[in-house]
Structure formats: C-alpha cells, structure tokens
Amino acid sequence: MPDVSTEAARRRTFAIISHPDAGKTTLTEKLLLFGGAIQMAGSVKGRKAARHATSDWMALEKERGISVTSSVMQFPYEGRVVNLLDTPGHADFGEDTYRVLTAVDSALMVIDVAKGVEERTIKLMEVCRLRDTPIMTFINKLDREGREPIELLDEVESVLGIQCAPVTWPIGMGQRLKGVVHLLTGEVHLYEPGRNFTRQDSTIFASIEDPALEARIGAQMLTELRDELALVQGASHPFDAGAYLAGRQTPVFFGSAVNNFGVQPLLDFFVGHAPPPQPRATTTRMVRPAEERLTGFVFKIQANMDPQHRDRVAFMRVCSGRFVAGMKAFHVRAGKEVKLANALTFMASDREIAAEAWPGDVIGIHNHGTISIGDTFTEGETLAFTGIPNFAPELFRRARLRDPLKLKQLQKGLAQLSEEGATQFFRPLMSNDLILGAVGVLQFDVAAYRLKDEYGVDAGFEPVGVVTTRWVRCGDPRKLEEFREKNAQHLGLDAAGQLVYLAPTRVNLQLTAERWPDVELLATREHA
Ligand code: G4P
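Residues numbered from 1 in each chain as written. Predicted model: local features only at pLDDT ≥ 70, side-chain atom pairs only at ≥ 80, totals over all residues. Heavy atoms only, no water.

Novice: Help me understand the overall build of the chain, please; the structure alone is not making it clear to me.
Specialist: The number of helices and strands found in the chain is 15 helices and 33 strands. A total of 528 residues make up the chain; the buried ones form 55% of that total. Contacts in the chain between residues at least 24 apart in sequence constitute 70% of all its contacts with a sequence separation of at least 6. For the chain, the exposed surface amounts to about 22,300 Å²; the carbon and sulfur share of it is 51%. (Helix = DSSP H or I, 4+ residues; strand = E, 2+ residues; numbered from the N terminus. Buried < 20%, exposed > 50% of the residue type's maximum accessible area, 1.4 Å probe, protein only. Contact = heavy atoms within 4.5 Å. Areas by Shrake-Rupley, 256 points an atom, 1.4 Å probe, with all protein chains shown as cover.)

Novice: Where do I start with the packing of helix 2 (residues 24-34) against helix 11 (residues 263-273) in this structure?
Specialist: The geometry of a pair of packed helices is captured by two quantities: the angle between their axes and the separation between those axes. Interaxial distance between helix 2 and helix 11 falls to 10 Å at its minimum, and their mutual angle equals 70°. By the criterion of interaxial angle, the relationship of helix 2 to helix 11 is roughly perpendicular. Crossing geometry of helix 2 relative to helix 11 is assigned as right-handed. Note on element contacts: helix 11 touches helix 2 through Val 263, Gln 264, Leu 266 and Leu 267, opposite Leu 27, Lys 30, Leu 31 and Phe 34. Of the residues that constitute the contact of helix 2 with helix 11, the class distribution is 6 nonpolar, 1 polar and 1 charged. (Axes fitted to C-alpha atoms, helices over the stretch in contact; angles between N-to-C directions. Parallel < 35°, antiparallel > 145°, perpendicular 65-115°, else oblique. Left-handed = near helix turned anticlockwise from the far one by under 90°. Nonpolar A, V, L, I, M, F, W, Y, C, P; charged D, E, K, R; others polar.)

Novice: Is there a simple way to explain the sheet that holds strand 31 (residues 499-503) in this structure?
Specialist: Strand-to-strand pairing in sheets goes through backbone hydrogen bonds, with the strands running parallel or antiparallel. Read across the sheet, 8 strands follow the order 28-25-27-26-30-31-29-32 without closing on themselves; strand pairing throughout is antiparallel. Because the sheet does not close on itself, it has two edges, and the strands there are strand 28 (459-463) and strand 32 (520-522). Averaged over all pairs of adjacent strands, the angle between strand axes in this sheet comes to 40°, irrespective of strand direction. (Pairing = 2+ DSSP bridges.)

Novice: Which parts of the structure should I look at to understand helix 2?
Specialist: Taking burial as the measure, the 11 residues of helix 2 include 9 buried ones, the bulk of the element. Following helix 2 by one or two positions, Gly 36 adopts a phi angle in the positive range, close to 70°.

Novice: What is the right way to look at the state of the cysteines in this model?
Specialist: Put plainly, a disulfide is one covalent bond tying together the sulfur atoms of two cysteines. Within the structure shown, the criterion is met by 0 disulfides. We note that Cys 164 lacks a disulfide partner, and the nearest cysteine sulfur, in Cys 128, lies 15 Å from it. Under the relative-accessibility criterion, Cys 164 is labelled buried at 1%. (Disulfide = S-S within 2.5 Å.)

Novice: How do you make sense of the pattern of salt bridges when you look at a structure like this?
Specialist: Think of it this way: side chains of opposite charge can pair up when their charged atoms draw near. Under the definition given, this model contains 23 salt bridges. Between Arg 398 and Glu 462 there is a salt bridge, and its shortest N-O distance comes to 3.2 Å. In this pair, Arg 398 is assigned in strand 25 (residues 395-401) and Glu 462 in strand 28, connecting sequence segments 64 residues apart. Arg 398 gets classed as partly exposed once you look at its relative accessible area, which sits at 23%. Given the relative accessible area of 23%, Glu 462 is considered partly exposed. Each of Glu 7, Arg 10, Arg 11 and Asp 361 takes part in one network of salt bridges that share partners. (Salt bridge = Lys/Arg side-chain N within 4 Å of Asp/Glu carboxyl O.)

See the structure below:
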C-alpha cells in the first residue's frame, strides 16, 4: 500500500524555461523518450498537431507558430515519477507561464550555445528567483558552432546572477564535437548521432585515462581536453547541493537535444538531485507534502478543451495527501464540498482518468466556471495557498460588438476567457463598456478569434483611454466609500467583482495615489 511520504519523495515536478527556439520542445520530446512515455521522436509535435485537429481556434496558434496552451506530462524514470509542466513559449503569454512556475519545485533552463542568455530567459529567471526555485541548465545545439563554453558560463553568472557548476563538459563543438565528460563521475560519453537512446546504445568510457579513448578522439584533442579540464576545474565552482537547492547555483550540462546527446546525464542527475515536493505557505500555516490529508491549488484554467462540451478544466497541483478518484474535497473559496469525479491525470501518452494522485502531481478537474485560478482545495480545513499572482495587464481595448443582440454572449465569452488568466475583463462602474486587458497585443486577436469560434460572437477591439489598472484596497470602509464616490468615473470591477482603478494616464494614477494615502492601489493581486 503506497503511503504519502514515499510517494511524495518520488515526485520531481518541474518546468522548462527558455527563449523561443532554444530547443524546449525537442528536449521535452527526448526526456519523454527516456521515460518510455512515447515511442518515437516527433511525437510531441505529432501530439500538438492532433490537438489542433480537435479544436479549431488552435489553428490560430498554428498559423502564428506559437503555443498558447500549456500542458502537463508525467513519466516514470528510475523509480521516480517526473511531472513536466509545459510553459507556453511566446512572450505574450507571460502570465500563464508565471503561474505554471508557482506549481513546480524546480526548473530546467535551456540555452542555445550560439545565442547565450536571451531576453526571455532573463525574464523567466527573475520569476524563478522570486521563489528561489532551483534551476538546472542545459546548453543546447552543441552540434553547431557556438560560443566558448567558459564564456557562456560567465554570461550566465553575470547576466542571470547565479553561480554555475558545470557537471558535464563538451569535447569539441560543431563539426569537431566528440562527446562530453562528466566532471563528477569522470565518465566520457561519446557523441554518435543517431545513437544514445539508452546507456547500452551509447559509448561510455569510465574516464579520460581509458586508452581506447585516444583512438576515438585523437591525441591532439585529448591533450587539449586535459588542459581545458584543468582550467575549468580551477576556475569554476564545484557542485554544491545546498547552493543548488537554495537557488544560488545552477548545475550546467552540455548537449544536443535533437541528437539526443547529453540528455541522459542531465536526466539522471535531475532525478537524483532535483527537489521533491516542498512545504508550501498558506494563509494560516505551512503545509507539508507528507500530511495525510489532500490539499492543492489551481494554477491554470483551460476553457473548451473539448469544443463538444462547453466545460473547463482546472489544473490543480497536489500539495499534500492523496487524491483518489471520486473523493470529496472542500472548495475553500466557495465554502462548499465538491465531488472530484472524472478528474484527469496527464500521462505523457494521453489524458487519462486519475485513479490516484500524490503531492507533486497535477490533476485536471472538470467544472462549469465555478473554479478560479488560485483556488485551494482541502479535506475540510479552511486555508488558502499564497503566492499565485495576478498581474495588472498593460494593454487595454474596448470590445466592439458588431451584432448588439449578442451582448450577453459577449459578456459570457469575455468572462470565461478571462478565467483562463491570459486576459482580464473589466466593467467600468459608470458605463456599459466591456474592457479587456492583456499583457500582450496578440491576446486580443486570440480573444476575437475564440469569441467567434466558441461563442458565435463577432466582436473587435478598439483603443480605450486606460493605461494601467490597480486593485483598490482600503481597511477603512468610510474612506473607501468616499474614494468610490469621488473617483467613480475611473473605477470598475474585474471578473471576480473586485474594485479596480482604471487609470487614464500614469500622471493621474500618481496624483490619485498621493491624494488618497489611505487607499492602497495594488499592481498585483493575489488570487483571493
Ligand atoms: P522551442 O520549443 O524552444 O521553441 O525549440 P524547438 O525544440 O522547437 O527547436 C527549435 C529549432 O531548433 C528546431 O528547428 C529544432 O529542430 C532545432 N534544434 C533543437 N535542438 C537542436 C540541436 O541540438 N541541434 C540543432 N542543430 N538544432 C536543434 P526548426 O528548424 O525550427 O524545426 P524542425 O523543422 O527541425 O522541427
């Protein structure tokens, strides 16, 4: 009979962060191959294509070459259960990515050997730093000419502000790529395109002293390698598990995802050293994974996964206890018991009905809009997980309806799309406008497309005089009422009914903040 602490300790839940094109999809595919979760390379892309076929709006996603949705993949490896939470790659979909990162215990950063640290990586790294998330680094595309490895480590250290501890080190690069040396075990893994799918299918020497190695890579290269290793070992940081777990040091690996090279040393090290589920903060106490009772929080909502059924799936990260199919759980915000029937698990091969799930796992709960991002589920205790942020959007448009009779559908569509978290929906107190806020401009196209496709509403978006929003909070009800009266023309409600200040200019916002020192105007709101 499995128990909570053993099952929790086996879990490794992580996400891959990278700049678009660095190789996240390719690496994901190879990791799944090692997990035995898929049979053939190319399956991840194949899976993407299959999903496109089931939902038309995703044609937009395909057209634009971006991934709007993120998913969850689970596979077993070496006695562990790995949960890989996919993050959407396009810069416009930042918020969704941020929330995925609140649901993981560690991250894997992929860097293109020729491009080094790119802008999106910097942003994602900042998010990881908020929670001191431990990060491993994979420097990819070694089969191509790139920058000097030492120089790349320097760049990671100076630009990202994290110590590097190389765990593998490349032997050559591009045309001259011969393999990698594992600095901790001493093993040498040879680079042989088309192979390396298992340890048996790889050529591995126990150390660089193995006489057969020279025959394979040549005397000159071996001498160069010896010199370089002496240099690296003198100049870099040795791996320090404590520093890694505290988010101060990143173990670094080199390889070529598309050639499946250098991936196995990474995965082996990952399951050995990456943290299992960690205790998490709530409004009342820390929750430990090994607790017997189920707790979890929702970090993502996806509407209309199946256009035949107008339902939504709430992705819940299990934080403690055991989930069993059909069990009842307490939906804290609603104050209600609900039956978690037909919950989904996310095996990499397909979505399946969950029989059980443990800390670190993610389950998908079908619902009709009753569950929101940030919601906590327990077995009766009233507590709420903290740290799942809602960011003030930066771009605003007013919805313009081409058929006035469809107002109800428009409202419903905007509200439901906002539940997914990528856009936010505001209703000004003084007008009948419907305002959509987004972090990126592409989201308005996505919203228009989906309104038409899923709700039959023909709507466009036009400029509106709002530059930013602030959630309004005030401990003194009389002051708040006064603030409401005096500023009614700039106030509105968000989809959750929370009071929001819709600032027409930055100057106006600043003056308002100075004039009302007792009223807090917040740029982020934790999901209530
Ligand atoms: P992403 O999810 O981070 O956006 O990157 P993705 O894996 O889609 O990879 C981006 C491109 O880089 C792909 O090429 C992929 O084949 C290539 N790539 C990934 N890993 C390696 C590697 O180790 N070496 C080399 N040389 N290329 C690599 P593409 O032309 O955009 O797509 P495709 O037609 O090859 O699939």
